[in-house]
Amino acid sequence: VQQSSGTANWLNGAYFTDANNGFVVGSSYPSGSAAILRTTNGGATWTSQSSVEWQDLYAVAFTDSCTGIAVGGFNIGHNMGTTTSGCILRTTNAGVTWSYQKSGLFESLKAVKFTDPDNGWAVGFGFAEGIEDEVVSVAYRFRISFDKPD
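Fair warning: this is a prediction, and the values are worked out from it, not measured in the lab.

Asks: I tried to follow the overall build of the protein on my own but got confused; where do I start?
Replies: On a plain count of helices and strands, the protein comes out with zero helices and eleven strands. Counting from the amino terminus, helix and strand elements in the protein follow one another as β-β-β-β-β-β-β-β-β-β-β. Put simply, the protein has 150 residues, and 41% of those count as buried. The contacts in the protein between residues at least 6 apart in sequence include a share of 38% that link residues at least 24 apart. In the form shown here, the protein has an accessible surface area of approximately 8400 Å², with 51% of it arising from carbon and sulfur atoms.

Next up, the structure:
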């Protein structure tokens, strides 16, 4: 069944916490801000959530109905448009607000999975210059942890 998302942005990933509540994430094209959409009625309607400018989001996952993580990257247009900076967004209030943090990587994050609200894994790929300026794909994964507030 085809449904309208209400956005012109390209959509890349989806996650439902139950049959009615779900999120989709997507690129910053053409709006200038990454798409984060939420549904509370099984996808019949979607509401835009706050987001970050010029980031492309590729995946989203939730550990419970309130705590979620979205991952992606920022294309800064270096060389063939392959230079990116990985980003992580986290919500602890069911997507009402999302906090941004850099991943510390220069590549986009493409998938995320959390084992509990504070620990998980992100994976992705980027590009590196090799011998004679050959561009090669590089795969990686790393662990994400969040400190609990005092």
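After that view of the structure, there is still more to cover.
Asks: Got a minute to help me understand unusual backbone geometry in this structure?
Replies: Backbone phi values are negative for most residues with the exception of glycine, while trans is the configuration of most peptide bonds. Positioned with a positive phi, alanine 94 is a non-glycine residue whose angle comes to about 60 degrees. Here alanine 94 shows up in the loop between strand 7 (84-91) and strand 8 (99-102). Relative accessible area serves as the criterion here: at 11%, alanine 94 is assigned to the buried category.

Asks: Would you mind showing me how to read the packing of aromatic side chains here?
Replies: One pair of aromatic rings is described through two measures. These are the centre distance and the angle between the planes. Scanning the entire structure with this criterion turns up five aromatic pairs. A ring pair is formed by phenylalanine 23 and phenylalanine 62, whose centres lie 4.5 Å apart and whose planes are at 15 degrees; its orientation type is stacked. Of the two residues, phenylalanine 23 is situated in strand 2 (residues 22-26) and phenylalanine 62 in strand 5 (residues 56-62); the sequence distance between them amounts to 39 residues. Side by side, phenylalanine 23 and phenylalanine 62 carry an identical accessibility label, which is buried. Here the aromatic rings of phenylalanine 62 and tryptophan 98 are separated by 6.3 Å at their centres, their planes lie at 85 degrees, and the arrangement is edge-to-face. Here the residue phenylalanine 62 occupies a position in strand 5, and tryptophan 98 occupies one in the loop between strand 7 and strand 8, the gap between them amounting to 36 residues. Overall, the relative accessible area of 6% leaves phenylalanine 62 in the buried class.

Asks: Which parts of the structure should I look at to understand the sheet that holds strand 1 (residues 11-16)?
Replies: By way of backbone hydrogen bonds, the strands of a sheet pair with one another, either parallel or antiparallel. Strand order in the open sheet formed by four strands is 1-2-3-4, with antiparallel pairing between adjacent strands. Only two strands of the sheet have a single neighbouring strand rather than two, namely strand 1 and strand 4 (47-48). Pairing geometry for strand 1 and strand 2, over five bridges, is antiparallel. Opposite tyrosine 15, over in strand 2, you have phenylalanine 23 as the bridge partner.

Asks: Looking at this structure, I do not really get the nonpolar core. What am I missing?
Replies: Generally speaking, soluble globular proteins have nonpolar side chains that are buried together. By size, the foremost hydrophobic cluster in this structure holds eleven residues: Phe23, Val25, Ala34, Ile36, Leu57, Val60, Phe62, Ala70, Cys87, Leu89 and Trp98. Not counting residues within four places of it along the chain, the set of residues in contact with valine 25 comprises Leu11, Asn12, Gly13, Ala35, Ile36, Leu57, Tyr58, Ala59, Val60 and Ala70. One finds Ala59, Ala61, Leu109 and Val112 within the second-largest nonpolar core, a separate group that totals nine residues.

Asks: Would you mind going over the environment of asparagine 41 with me for this structure?
Replies: Turning to its location among the elements, asparagine 41 is positioned in the loop between strand 3 (35-39) and strand 4. Along the backbone, asparagine 41 and alanine 19 are 22 residues apart, and their C-alpha atoms lie at a distance of 8.1 Å. A polar atom in the side chain of asparagine 41 sits 3.1 Å from the backbone nitrogen of alanine 44.

Rules of the game
- Residues numbered from 1 in each chain as written.
- Predicted model: local features only at pLDDT ≥ 70, side-chain atom pairs only at ≥ 80, totals over all residues.
- Heavy atoms only, no water.
- Helix = DSSP H or I, 4+ residues; strand = E, 2+ residues; numbered from the N terminus.
- Buried < 20%, exposed > 50% of the residue type's maximum accessible area, 1.4 Å probe, protein only.
- Contact = heavy atoms within 4.5 Å.
- Areas by Shrake-Rupley, 256 points an atom, 1.4 Å probe, with all protein chains shown as cover.
- Phe/Tyr/Trp six-rings, centres within 6.5 Å; stacked < 30°, edge-to-face > 60°.
- Pairing = 2+ DSSP bridges.
- Core = buried A, V, L, I, M, F, W, Y, C linked by side-chain atoms within 4.5 Å.
- Polar contact = N/O pair within 3.5 Å; in protein donor to acceptor, adjacent residues only side chain to side chain.

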